[in-house]
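Coordinate analysis (summary)
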Amino acid sequence: MNAAAQNFNYREIEAKWQRSWEESRIFDAEIAGTKKFFLTVPYPYTSGPLHIGHGRTYTLGDIIARFKRLKGYNLLFPMAFHVTGTPILAIADSIAKGDEGVIERYRDYVSIYEDAARIDAVIKTFDKPEHVADFFAARISEDFKRMGYSIDWRRKFNTTEPMYNRFIEWQFKKLYDKGVIKKGRYPITYSIEEGCAVGEDDIEEGDINKVSIIEHTTIKFKSGDTYLIAATLRPETIFGITNLWINPAATYVKVKVGNELWIVSREAAEKLGYQREGIQVLEEIGVQELLGTEAREPIEGRAIPIFPASFVDGDVGTGVVYSVPATWNAMGKGLEDLRRKEGIEVAPIKIIEIEGYDLPAKEICERMGIASQEDTRLEEATQIIYKDEFYRGVMNEKCGQFAGIKIAAIKDEVKVWLKGRNAADVFYETSRKAVTRSGGKVIVAILQDQWFIDYTPQWWKELGHKLVDQMSFYPEKYKAYMHDIIDWLALRPCARKRGLGTQFPFEKEWIIESLSDSTIYMAMYTIAHLVRQVPVDALDERFFDYVFLGIGDPGNLARKLQIDSDLLIRIKQEFDYWYPNDLRHTAPPHLSNHLVFFLMHHAAIFPEDKWPRAITLNELMIREGRKMSKSKGNVIPLAHVSELYGVDLYRLYCAINADFATVVNWREQDTDALRKRFNALTTVFEESTGAEALPEEEFSHTDRWLLSTFYRRLRDSIGWFEGFRIREAGINMVFNLMNDIRYYEKRASAERRKRIVRNILEDWLIMLSPIVPHICEELWHTSHDTFITLQTLPAVKDSYIDEQVEREEDYLISLVRDIHEILNVARLTPTTIYLYTAELETEHWKWDIFKALKDVPEKDRIKEALKLRRDKSTVEFVQQLQKNNLEYFALNERAVLDRERAYLTKEFGCALRINEEYDPKGKKRFALPLKPAIYVE
RNA sequence: GCGGGGGUGGCCGAGGUGGACGAAGGCGCAGGACUUAAGAUCCUGUUCCGUAGGGAUUCGAGGGUUCAAAUCCCUCCCCCCGCACCA
């Protein structure tokens, strides 16, 4: 069992069988029989190469697919490519513009696949988005083949193909008919310079430091015939206002909003122009002019002063800030500075009661030693105060009708109340200052006519819940989570002005957004290869209505569409046969976006019998304890797996290293360890391929033990596999069985091991083939011309599972362990070992009681035993049974020991005497059933 | 604050429907075999005590239920993720 060197050229084997599978087209799925299984894993986005983290999900998907094949299912596992959306477009634009950063990144990517000499030529073509997409789609499908995935490639497509566009249009028409496609106002991130919406990919560092849209409340402070407009995220603090702040270094302007005049910073005025209609910017207003005046707060009409402050930024909010020194640090500090310099005294107004603080802002500053408004830790201090106040704070009596209520519960109500009094309005701001990759400022603009999918209708949510109830999830916890997500789901923008994809059928200048066009596309897999034979023009609403919903008569329809009616019928049959999607396997980050849309759209469009049946999810993969990301430079491309580790080893690692619910940590050290064990395993296999199996009539006890153990493990593993507990199944079929084999070899011999392994070899290989298909295929072919991939799981040979045989071996194992322990503790080298079983005449009562107590609950055993034999030793005996956890089963100990005399003698290198009279230390009385007394000389 | 997941031996990481759990597996470490040697590989050991199969103490902290708790209940502390929230 020496696994010194790698005994196979794994790369060669991988390539050989992948070629062979492809040539024999064994993964091309055709209608056959009633037991079908349709498995999908999300199609990859083709903006770049995939790495080993992505590979986990696809690999587990393939393992499931291969297992289901072994279970006799007619299996469909298809794949396609996702091209829709803005990222690929943004990449092509950047490359066309000569953006060095992006070009460098893509040089890296391309170098994974191309010779250095070809890289620049390839990059040159990347000025067109379709070239980027096509390049990576082609490489990713090669990667997938090289990973041994059992995909039916005839059905591949990408999401910008005309046939797919037609399909998506159909989907949106169906949704439109249900009344859930709507138009409305919607805030977006926007670049003034570029004059368009910008997303994560367009924004400088947008991928690392996300920019989100924040709704601020603007509060109006009347000042003469104008209003000073202060933006805030904490409208509930209005009750504690003491003054307004403006920055003397900023510029303020008068703006006409409706028939009101507002005063805001120049920057804010510009932003307002993108957020409201009919904004008119009037003249500038001098800061000194403002500082001299007073404004009136909108609740009681108190006059409040306007002070200068350096911390106010004209480019954040409205450039006007209202001051609540009791809770806000900067304000408190600003007032202190003011007092020192100008002698102006402003008393904070306390409006929030919170345990542990009197005036929180002041106290936290004291605690943290913050002295002025310039201190950089003010931000941190504000955060602490905010959390405390928000969750624990209660509005006090100064807050009118809101007194006595927790901030967390009242915040929105205050906002609504203020708006109702025309004291407040809304202003959107980005969560941080951001610029586009070409340097343009990012602001928030409001689209007046954004298209949405409205997920709020009650009928839809009910269908969604019903669907979820009917399906299964693994890990199961996600089922409850999915119900919650369905409840939370509201409006979702479904189209953009920019990007690749399908034109929005109701307004052609909009493009359907990339998550909205990936919801029911699994249906497309069932027919994609045949739809290619249909002219695109024929793919109208009636076509898909017929294929997916059975609406219309095929003969008539074929005539109208001018297509072959047999083909049309065939396409429908294909859909009817494969649909629904029996299992969708993906990762948890998709739950609250893709997966919920997937479920909801199925619920809305398809009848119940076409609803998805199950979702399984695996956690992500990290590397050496850290998240994998391009920016960290710690990704391993999927394309390098074969070369660096070997595909089967990678697959084994994915299968065995962690359960679905656990993050896999890809550690180099662990791959080395696994490689050793994997080599040892394949060596055991290889050494048996040429061996002659043992005939049944020659089976010894040890042979029967191994067979029994093997088939028990096989049976357990199949059960685990069916429940997606692939890790347990894998560990059982690799590690545990290897331990069994090693033990067997010790008990028997290396020669005999080779023969007995031959008896189980084929069943073992079949069971492992979903996980490590290449090596299994290779070994299978040493004695077969068929593909192991197409075998069915052996009916478990239950007849080999023999409890008595296993018990006898357990008995022996525990005896050997006991003897070793004695030798070890007593530091003896034995010349003779004496064993005394409880079968001895003087001890035989123990067996009798043991048997009698078989079904007696533990509590009653002593009582029960005493009924049979009134003696103190009986109590001790029963206690010993408990302590040793001995469970009754019939065993002729003497016969087993006689049979194993040679083994024991060899194991301990000394003479063995069983149940002799000779007993110098009186050990006999310690004998227990199934646990002989031992005396060593 | 809410929702979800965690805290296990030198480290990583299983188990967790209560009992066979000093706790799988791996890494590391120690000893041994092989080797001219190193490496690789294999074997043995790896909480503490013990010259007879035993005992003691362990699974974030503290309580409890039980004949029996890493596993169940309560309280607390800490970590991660999502939400929320943040001029």
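Criteria and thresholds
- Residues numbered from 1 in each chain as written.
- Chains lettered and ligands numbered in written order.
- Predicted model: local features only at pLDDT ≥ 70, side-chain atom pairs only at ≥ 80, totals over all residues.
- Heavy atoms only, no water.
- Helix = DSSP H or I, 4+ residues; strand = E, 2+ residues; numbered from the N terminus.
- Rg over C-alpha atoms; globule rule 2.2 N^0.38 Å.
- Buried < 20%, exposed > 50% of the residue type's maximum accessible area, 1.4 Å probe, protein only.
- Contact = heavy atoms within 4.5 Å.
- Areas by Shrake-Rupley, 256 points an atom, 1.4 Å probe, with all protein chains shown as cover.
- Near = heavy atom within 4 Å.
- Polar contact = N/O pair within 3.5 Å; in protein donor to acceptor, adjacent residues only side chain to side chain.
- Nonpolar A, V, L, I, M, F, W, Y, C, P; charged D, E, K, R; others polar.
- Core = buried A, V, L, I, M, F, W, Y, C linked by side-chain atoms within 4.5 Å.
- Pairing = 2+ DSSP bridges.
- Axes fitted to C-alpha atoms, helices over the stretch in contact; angles between N-to-C directions.
- Parallel < 35°, antiparallel > 145°, perpendicular 65-115°, else oblique.
- Expected span 1.5 Å × (residues − 1).
- Bend = angle between axes of the 7 residues up to and from the residue.
- Disulfide = S-S within 2.5 Å.
- Salt bridge = Lys/Arg side-chain N within 4 Å of Asp/Glu carboxyl O.
- Left-handed = near helix turned anticlockwise from the far one by under 90°.
- pLDDT = per-residue confidence, 0-100.
- Phe/Tyr/Trp six-rings, centres within 6.5 Å; stacked < 30°, edge-to-face > 60°.
- Lys NZ or Arg CZ within 6 Å of the ring centre and 35° of its normal.

A few points about the overall build of chain A
From N to C terminus, chain A includes 33 helices and 29 strands. Its C-alpha radius of gyration of 38 Å places chain A more than 25% over the 30 Å reference for a compact globule of 937 residues. If one aligns the C-alpha atoms of chain A with their principal axes, the spans along those axes are about 115 × 80 × 55 Å. For chain A, with 937 residues in total, the buried portion stands at 55%. Counted over contacts in chain A with a minimum sequence separation of 6, partners at least 24 positions apart contribute 76%. Accessible surface, chain A as shown: approximately 40100 Å² in total, 48% of it carbon and sulfur.

Describing the protein's contact with RNA strand B
Taken together, 47 residues lie near RNA strand B, and L233, F311, Y386, K676 and V936 sit nearest. At 2.7 Å from a phosphate oxygen of RNA strand B is found a side-chain nitrogen or oxygen belonging to R677. In the environment of RNA strand B, a phosphate oxygen lies 3.0 Å from a nitrogen or oxygen atom belonging to the side chain of R742. When contributions to the surface near RNA strand B are tallied by element, the ones reaching two or more residues are strand 5 (213–223), helix 12 (378–392), helix 15 (477–488), helix 23 (668–689), helix 25 (726–747), helix 28 (803–826) and strand 29 (933–936). Tallying contributions element by element places helix 23 first for the surface near RNA strand B, with five residues. A class-by-class count of the residues in the surface near RNA strand B yields 21 nonpolar, six polar and 20 charged.

Overview of the nonpolar core
What tends to happen in soluble globular proteins is that the nonpolar side chains get buried as a cluster. Membership of the largest hydrophobic core comes to 241 residues, with the highest contact counts inside it found for F543 and W764. Apart from residues lying up to four places away in sequence, F543 is in contact with V531, V534, A538, L557, L561, I563, L568 and I571. Core analysis: the next-biggest nonpolar cluster, separate from the first, contains 42 residues, I263, V320, F390 and I410 among them.

What to know about the sheet that holds strand 29
Reading across from one edge, 28-27-29 is the order of the three strands in this open sheet, with mixed pairing throughout. Either end of the sheet is taken by a strand with one partner, and the two such strands are strand 28 (911–914) and strand 29. Neighbour to neighbour, the strand axes of the sheet diverge by 20 degrees on average, direction disregarded. Relative to strand 29, strand 27 (residues 832–836) is paired through four bridges, and the arrangement is antiparallel.

Some details on the sheet that holds strand 4 (residues 196–197)
One open sheet holds the four strands; their spatial order is 4-3-17-19, and the pairing between them is antiparallel. Whereas interior strands pair on both sides, the edge strands pair on one side only; in this sheet they are strand 4 and strand 19 (491–493). Relative to strand 4, strand 3 (residues 181–191) is paired through two bridges, and the arrangement is antiparallel. Among the inter-strand pairings, S191 is bridged to a residue of strand 4, identified as C196.

Comments concerning the environment of A65
You can see A65 is positioned in helix 2 (residues 52–70). A residue is classified by how much of its surface remains accessible, and A65, at 0% relative accessible area, is buried. Sequence-wise, A65 and I151 are 86 residues apart; in three dimensions their C-alpha atoms are separated by 9.1 Å. Those residues in contact with A65 that sit more than four places away from it in its chain are L39, L75, F77 and S150.

A look at the side chain of N679
Checked against the element boundaries, N679 lands in helix 23. Looking at N679, the relative accessible area reads 6%, which means it is buried. Within the local environment of N679, its side chain forms a polar contact with the side chain of Y10, the two groups lying 3.1 Å apart.

Quick look at the packing of helix 14 (residues 458–470) against helix 15
Look at helix 14 against helix 15: their axes get within 10 Å of each other, and the N-to-C directions meet at 170 degrees. Between helix 14 and helix 15, the angle falls in the class roughly antiparallel. Contact residues: helix 14 offers K461, G464, H465, V468 and D469, while helix 15 offers K479, M482, H483, I486 and D487.

A few points about helix 25
The end-to-end C-alpha separation of helix 25 is 30 Å, in line with the 32 Å expected for 22 residues at 1.5 Å each. In the structure, helix 25 departs most strongly from a straight axis at N732, where the bend amounts to approximately 30 degrees.

Here's the deal with the state of the cysteines
Per the counting criterion, the structure on display carries zero disulfides. This cysteine, C776, is not joined by any disulfide, and C654 carries the nearest cysteine sulfur, 16 Å off.

A short note on the pattern of salt bridges
Under the counting rule described, the total for this entry stands at 66 salt bridges. We note a salt bridge from K271 to D315, for which the minimum N-O separation is 3.0 Å. Highlighted residues: K271 in helix 8 (residues 266–275) and D315 in the loop between strand 12 (303–308) and strand 13 (320–323), separated in sequence by 44 residues. Overall, the relative accessible area of 15% leaves D315 in the buried class. D315 is paired through a salt bridge with K433; the nearest N and O atoms lie 3.9 Å apart. Note that D315 is positioned in the loop between strand 12 and strand 13 and K433 in the loop between strand 16 (424–430) and strand 17 (442–454), a separation of 118 residues in sequence.

Describing the packing of helix 17 (residues 541–549) against helix 18 (residues 554–561)
With their axes 10 Å apart at the nearest point, helix 17 and helix 18 run at an angle of 155 degrees to one another. When the axes of helix 17 and helix 18 are compared, the pair comes out roughly antiparallel. When the axes of helix 17 and helix 18 are compared, the crossing they make is left-handed. Facing R542, F543 and Y546 of helix 17, the residues of helix 18 in contact are P554, L557, K560 and L561. Taken together, the residues of the contact of helix 17 with helix 18 break down into five nonpolar, no polar and two charged.

Focus: the confidence of the model for chain A
Summing up the model confidence of chain A, the mean pLDDT is 87 and the portion of residues at 70 or higher is 93%. Below pLDDT 50 for its whole length, residues 1–5 participates in 10 contacts with residues either more than four positions away or in separate chains.

As for unusual backbone geometry
Omega for the peptide link from Y474 to P475 comes to -5 degrees, which places this bond in the cis form. Mapping P475 onto the fold places it in the loop between strand 18 (472–474) and helix 15. Residues Y579 and P580 are joined by a peptide bond in cis, for which omega reads 5 degrees. Its place among the elements puts P580 in the loop between helix 19 (565–578) and strand 22 (583–586). Here the phi dihedral of R25 falls at roughly 50 degrees; this positive angle occurs in a residue that is not glycine. Among the secondary structure elements, R25 is positioned in the loop between helix 1 (10–24) and strand 1 (36–40). Under the relative-accessibility criterion, R25 is labelled partly exposed at 48%. Even without glycine at this site, F724 takes up a positive phi of about 65 degrees.

Section: the side chain of D545
As for its position among the elements, D545 is in helix 17. Setting aside chain neighbours within four positions, we find D545 in contact with W170, K174, G550 and I551.

What to know about the environment of Y579
Along the chain, Y579 falls in the loop between helix 19 and strand 22. With relative accessibility at 2%, the residue Y579 sits in the buried group. Expressed as a C-alpha distance, the spacing of Y579 and D609, which sit 30 residues apart in the sequence, is 8.6 Å. Beyond its immediate chain neighbours, meaning those up to four positions away, Y579 contacts K36, F38, I520, M522, A523, T526, H602 and K610.

With respect to the packing of aromatic side chains
All told, the structure shown has 70 aromatic pairs when counted by the stated rule. Relative to Y525, the ring of F157 has its centre 5.3 Å away and its plane inclined at 45 degrees; by these criteria the two rings are tilted. In this pair, F157 sits in the loop between helix 6 (129–146) and helix 7 (162–177) while Y525 sits in helix 16 (residues 522–531), placing the two residues 368 residues apart along the sequence. Note on accessibility: F157 and Y525 belong to one class, buried. Note that K35 overlies the ring of Y73, its terminal NZ or CZ placed 4.6 Å from the centroid.

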